[in-house]
Amino acid sequence: MPIIKILPHAEYCPQGAEVTAPAGTSICEALLENHINIEHACEMSCACTTCHVVVREGFESLAPSEEEEDDLLDRAWGLQPQSRLSCQAILAQKDVVIEIPKYSINHAKENH
């Protein structure tokens, strides 16, 4: 199973974390299943940017993004060339390293 290494984030995982998930799982699902409560205001329906992550290693192993995701990413805070919506980034067999941006454009956080 691929390993997702999450770089430290003050709110979601201050010490950083490593989790495993089966290939075919989205990064968002894997984080939530391992109690890393990343925002996902649209309930993983590819309708917002609150689950935006930057894939620092293993980006090329993920399934390519689709036009809908690319259009949404244009509105994400801190967009980088390796940015993905974690609800759309599907794991393959390779390990990945991700960074959760410090901010999102979500104005009203909900506790999921």
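Residues numbered from 1 in each chain as written. Predicted model: local features only at pLDDT ≥ 70, side-chain atom pairs only at ≥ 80, totals over all residues. Heavy atoms only, no water.

Participant: Looking at this model, I keep getting lost on the pattern of salt bridges. Mind explaining?
Facilitator: Side chains bearing opposite charge may pair, as long as their charged atoms lie close to each other. Under the definition given, this model contains three salt bridges. Across the pair Arg 56 and Glu 99 runs a salt bridge, and its minimum N-O distance is 2.7 Å. Within this pair, whereas Arg 56 is found in strand β3 (residues 52–57), its partner Glu 99 is found in strand β5 (residues 96–99), the two being separated by 43 residues in sequence. Given the relative accessible area of 37%, Arg 56 is considered partly exposed. (Salt bridge = Lys/Arg side-chain N within 4 Å of Asp/Glu carboxyl O. Helix = DSSP H or I, 4+ residues; strand = E, 2+ residues; numbered from the N terminus. Buried < 20%, exposed > 50% of the residue type's maximum accessible area, 1.4 Å probe, protein only.)

Participant: Explanation requested: the nonpolar core in the structure shown.
Facilitator: A general tendency of soluble globular proteins is for nonpolar side chains to be buried together. If you look at the biggest cluster of nonpolar residues, it comprises 28 residues, and the most contacted ones within it are Ile 4, Ile 6, Ile 27, Ile 38, Val 96 and Ile 98. Examining the composition of this core, we find that five residues originate from one element, helix α1 (residues 27–33), more than from any other. Discounting chain neighbours no more than four positions away, the residues touching Ile 4 are Ala 17, Glu 18, Val 19, Ile 27, Ala 30, Leu 91, Val 96 and Ile 98. (Core = buried A, V, L, I, M, F, W, Y, C linked by side-chain atoms within 4.5 Å. Contact = heavy atoms within 4.5 Å.)

Participant: Is there a simple way to explain the sheet that holds strand β2 (residues 17–20) in this structure?
Facilitator: To summarise the sheet geometry, strands pair through backbone hydrogen bonds and adopt either a parallel or an antiparallel arrangement. Taken in spatial order, the five strands make up an open sheet running β2-β1-β5-β3-β4, and their pairing is mixed. Since the sheet does not close on itself, it has two edges, and those belong to β2 and β4 (83–85), each with one partner. Averaged over neighbouring strand pairs, the angle between their axes works out to 35° when direction is ignored. Both β3 and β4 contribute to a ladder of three bridges, which runs antiparallel. Note that in β4 the partner of His 52 across the bridge is Leu 85. (Pairing = 2+ DSSP bridges. Axes fitted to C-alpha atoms, helices over the stretch in contact; angles between N-to-C directions.)

Keep in mind these values describe shape, not function.
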